[in-house]
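# Tertiary structure, described
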Amino acid sequence: MNQLLGEIERLKQEKDAVILAHYYVEDRVKTAADYVGDSYYLARLATELPQRTIVLCGVTFMGESVKLLNPDKTVLMPDLSAGCPMAEMYDLAEIRRLKGEVADLAVVCYVNSTLELKGQSDVCVTSANAVKVVRGMPQRNIYFVPDENLGGFVAQQVPEKQFILHNGSCCVHTGIRTADLEQARRDYPNAEVLSHPECRPEILALSDYIGSTSGILKRAGESTASELIICTEMGILDELKRSCPDKTFVFPGERVCASMKKVTLEKIREVLRGGSNEIRITDGNTEQAAATLERMLLLAN
Ligand code: 13P
Ligand code: SF4
């Protein structure tokens, strides 16, 4: 392990590379990362880094976002097959129909989306900035795609706008069932419940706090509760234990994102050695897709 980490460090210097990792990847992968964060943090940070090569440890939409925002840089992914199934959940014909039929409409896509969907949208959001970005859009009507749970949460926070939601969702987060949460609440009656907005509405209704992965981490640190029930992917457990060593964390359903776990230290070494798995964007939607991300950065600031 130490030899492997040493080799990655040497290759990073040699190739002028920086490693970014999402909270959900394996903890040993995070030990090699220069920066760890949520999808918004990683996308924003990538525009501020001096290195010529960025290794993105996460799922493919994250690598594509980094490439769209930094077209002159080399973006490598340890495993190009690490996709987010929700990113594919949309219907272009439906989007075109709504654009034709609904006046004063903005198509708002979650960053967990394909390049094609970003290219058909007016703005992109992440769970960390969705409420602020949607509020900042001038249109009164919002078509939110693909995540209906995040969309529903945003709709509650922004009652002055009308929402149409596409019915996509994340199988990891929707796998957390009310029965799992109720059991955890019986076991830890004084615990605070912190949830990611990709969870089902019935889970969100039982939560004390709803926010992105970094929002959950921040709230866990600030909370006076010593026991916390966390409704999201289990990858943030190590981070939570590091920042709050005296608190107890319970994960109803113990959900794991298989795609995020495809990233390994060996694969990082491999792409750094040979420059393989480079994100190349040749799609006709590139310009508009990049514009949706740039608008997000502008409105979220
Ligand atoms: P964050 O934006 O909170 O990092 O979440 C990304 C994600 O894929 C959650 O499932
Ligand atoms: Fe996609 Fe869900 Fe995995 Fe996040 S946790 S990357 S939304 S499948």
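Heads up: these notes are all about the structure in this document. Remember, predicted model here, so these are calculated numbers, not experimental data.

Here the focus is unusual backbone geometry. For residues that are not glycine, phi is negative in most cases, and the peptide bond is trans in most cases. At the junction of Val145 and Pro146, the peptide bond is cis and its omega measures out at 0° in the coordinates. Residues other than glycine seldom take positive phi values, yet Asp16 does so here, at roughly 55°. Looking at the element boundaries, Asp16 is found in the loop between helix 1 (2–15) and strand 1 (17–22). At Asn277, a position not held by glycine, the phi torsion is positive, near 55°. Taking the relative accessible area as the measure of exposure, Asn277 reaches 27% and is therefore partly exposed.

Bringing the site of ligand 2 into the picture now. Around ligand 2, the surrounding shell consists of Tyr24, Val59, Cys84, Pro85, Met86, Asn112, Cys170, His173, Glu198, Cys257 and Met260. If you map ligand 2 onto the pockets, it falls in the largest cavity. By residue class, the composition of the shell around ligand 2 is eight nonpolar, two polar and one charged.

The next subject is the site of ligand 1. Lining the immediate environment of ligand 1, one finds His22, Tyr24, Asp38, Ser39, Asn112, Ser127, His173, His196, Glu198, Ser212 and Thr213. Within the side chain of Asn112, a nitrogen or oxygen atom sits 3.1 Å from an oxygen atom of ligand 1. Taking 300 Å² as the accessible area of ligand 1 by itself, protein coverage stands at 96%. Judged by the fraction of its atoms near the pocket grid, ligand 1 is located in the largest cavity. Residues that form the shell around ligand 1 fall into these classes: one nonpolar, eight polar and two charged.

Among the ten residues of helix 4 (residues 60–69), nine are classified as buried, and the element is accordingly described as predominantly covered. Listing the buried residues of helix 4 in full gives Thr60, Phe61, Met62, Gly63, Ser65, Val66, Lys67, Leu68 and Leu69.

What follows deals with the sheet that holds strand 6 (residues 123–125). Taken in spatial order, the four strands of this open sheet run 6-5-7-8, and their pairing is parallel. Two strands bound the open sheet, and with one partner strand each, they are strand 6 and strand 8 (162–165). Along the sheet, successive strands turn relative to each other by an average axial angle of 30°, direction set aside. Bridge count for strand 7 (residues 141–145) against strand 8 is four bridges, and the pairing is parallel. Bridge pairing in strand 8 links Asn141 to Gln162. Against the sheet, helix 8 (residues 148–157) contacts strand 5 (105–110), strand 7 and strand 8, and its axis sits at roughly 170° relative to strand 8.

Counted under the stated rule, the structure contains zero aromatic pairs. Over the ring of Tyr40 we find Arg44; its NZ or CZ atom is 5.0 Å from the centre of that ring.

Here is what the cut-offs are and how they apply
- Residues numbered from 1 in each chain as written.
- Chains lettered and ligands numbered in written order.
- Predicted model: local features only at pLDDT ≥ 70, side-chain atom pairs only at ≥ 80, totals over all residues.
- Heavy atoms only, no water.
- Helix = DSSP H or I, 4+ residues; strand = E, 2+ residues; numbered from the N terminus.
- Buried < 20%, exposed > 50% of the residue type's maximum accessible area, 1.4 Å probe, protein only.
- Near = heavy atom within 4 Å.
- 1 Å grid on protein atoms, 1.4 Å probe; cavity = no way out; pocket = protein on both sides within 12 Å on 5 of 7 lines; lining within 4 Å.
- Sits in = over half its atoms within 2 Å of the grid points.
- Nonpolar A, V, L, I, M, F, W, Y, C, P; charged D, E, K, R; others polar.
- Polar contact = N/O pair within 3.5 Å; in protein donor to acceptor, adjacent residues only side chain to side chain.
- Areas by Shrake-Rupley, 256 points an atom, 1.4 Å probe, with all protein chains shown as cover.
- Pairing = 2+ DSSP bridges.
- Axes fitted to C-alpha atoms, helices over the stretch in contact; angles between N-to-C directions.
- Contact = heavy atoms within 4.5 Å.
- Phe/Tyr/Trp six-rings, centres within 6.5 Å; stacked < 30°, edge-to-face > 60°.
- Lys NZ or Arg CZ within 6 Å of the ring centre and 35° of its normal.

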